[in-house]
Amino acid sequence: MTHAIQVRGLTKRYGDVEAVAGLDLDIKRGEVFAILGPNGAGKSTTVEILEGYRKRDAGEVSVLGVDPGRPTREWRSRVGIVAQTMEDAPELSVRETVRHFAAYYPDPKDPDEVIAQVGLTESANKRIRQLSGGQRRRVDVALGVIGRPELLFLDEPTTGFDPEARRNFWELIEGLAHDGTTIVLTTHYLEEAETLADRVAVIARGRIVAEGDPATLGGRATAKARVNWSEGSVETDTPTKTVLELTRRYDGEVPELTVTRPTLEDIYLRLIEPS
Ligand code: ADP
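This write-up is about the structure you can find in this document. (Residues numbered from 1 in each chain as written. Predicted model: local features only at pLDDT ≥ 70, side-chain atom pairs only at ≥ 80, totals over all residues. Heavy atoms only, no water.)

## A few points about the site of the ligand
Okay, so step 1: Taken together, the residues surrounding the ligand are Tyr-14, Val-17, Ala-19, Pro-38, Asn-39, Gly-40, Ala-41, Gly-42, Lys-43, Ser-44, Thr-45 and Arg-54.
Okay, so step 2: Contact distances for the ligand include 2.6 Å between an oxygen atom and a backbone N or O atom of Gly-40.
Okay, so step 3: Contributing elements (two or more residues each) for the shell around the ligand: strand 2 (17–28) and helix 1 (43–51). (Near = heavy atom within 4 Å. Polar contact = N/O pair within 3.5 Å; in protein donor to acceptor, adjacent residues only side chain to side chain. Helix = DSSP H or I, 4+ residues; strand = E, 2+ residues; numbered from the N terminus.)

Laid out in structure tokens, this is it:
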């Protein structure tokens, strides 16, 4: 099985609202895949259908070879979910919480190893309520991976993080990906998608409007480049030539030179414009 997830023609309506409107998706095993899109685009609905927590109206869906419309207990134990922060049992310690959840799975990881993996060894005896927001999120991830999932869903994992906590968290996710876990992530941070994802899909109005490597999405790599320097700015298909000309003109160092292509955010904002 080369695909972790295959979706064809997925459709979901809520009354008059077509939340998911014929969506196709292929996510390979071992891939880190980011789903981007504005609020209301249909991301949560799609992900919840993939997780087996929402019924679809039409389409074919396979997640680890199983239809999530008919989830089994065995299948659930192969899928990890990191949703928004859990609030129950704030009086339990980190270690107690992770051990407690480990008991739900047939072949859990070692709780202390998982605690170390998410960087909480020094806080293992602290109560959940004593943790910072970033530390709690790490507990969520620990609970998401304790069952040794083949596939991990992360829903906006770093919302509210400061830049340092976000970078630390990215390292954690990169480590999981390195171990071969397939990861599906929703995020509003384009930089996060660019750093972590092998591929991204942009969802708008219930459909995928673009999909691919974040470095080349939407023609990004071949888009015109902008050359800026202290006395001017041009948009060009041949930035190397422009820089050479400038080098001659200034007889060496071009003052304040930058050459830029559209950022992932530029491309994203163009893609989600109402058509
Ligand atoms: P996203 O996660 O991209 O913000 P959602 O999947 O939450 O998008 O929502 C897609 C559309 O479906 C939105 O118009 C939203 O209002 C609607 N929707 C989502 N969940 C429900 C629900 N339980 N009942 C009715 N409408 C819903």
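Don't stop here, the text continues.
## So, helix 5 (residues 133–145)
Okay, so step 1: The first and last C-alpha atoms of helix 5 sit 19 Å apart over 13 residues, in line with the 18 Å expected at 1.5 Å per residue.
Okay, so step 2: Taken together, the buried positions of helix 5 are Arg-136, Arg-137, Arg-138, Val-139, Asp-140, Val-141, Ala-142, Leu-143, Gly-144 and Val-145.
Okay, so step 3: The elements touched by buried residues of helix 5 are strand 5 (79–82), helix 3 (94–102), helix 4 (111–117), strand 6 (151–155) and helix 6 (163–178). (Expected span 1.5 Å × (residues − 1). Buried < 20%, exposed > 50% of the residue type's maximum accessible area, 1.4 Å probe, protein only. Contact = heavy atoms within 4.5 Å.)

## Some points on helix 6
Okay, so step 1: The end-to-end C-alpha distance of helix 6, which contains 16 residues, comes to 22 Å, matching closely the 22 Å that a straight helix rising 1.5 Å per residue would cover.
Okay, so step 2: Within helix 6, the full set of buried residues consists of Ala-165, Arg-166, Phe-169, Trp-170, Leu-172, Ile-173 and Leu-176. The buried residues of helix 6 occupy an angular sector of 160 degrees when projected down its axis, which confines them to one face. Seen from the buried face of helix 6, the exposed residues on the opposite side, beyond 90 degrees, are Pro-163, Glu-164, Glu-171 and His-178.
Okay, so step 3: Looking at the buried positions of helix 6, the neighbouring elements they touch are helix 4, helix 5, strand 6, strand 7 (182–186) and helix 7 (190–196).
Okay, so step 4: Downstream of helix 6 by a residue or two, Gly-180 has a phi angle that is positive, lying close to 100 degrees. (Arc of directions from axis to C-beta.)

## Describing the nonpolar core
Among soluble globular proteins, nonpolar side chains are generally buried collectively.
Okay, so step 1: Core analysis: the largest hydrophobic core is formed by 43 residues, its most contacted members being Val-94, Val-141, Leu-154 and Ile-183.
Okay, so step 2: Sort the elements by how many residues they give to this core and helix 6 lands first, with 6 residues.
Okay, so step 3: When residues no more than four places from it in sequence are discounted, the contact partners of Leu-154 are Val-82, Val-141, Ile-173, Ile-183, Val-184, Leu-185 and Thr-186.
Okay, so step 4: Among the nonpolar cores identified, the runner-up in size contains 26 residues, and Ala-19, Val-63, Trp-75 and Ala-201 belong to it. (Core = buried A, V, L, I, M, F, W, Y, C linked by side-chain atoms within 4.5 Å.)

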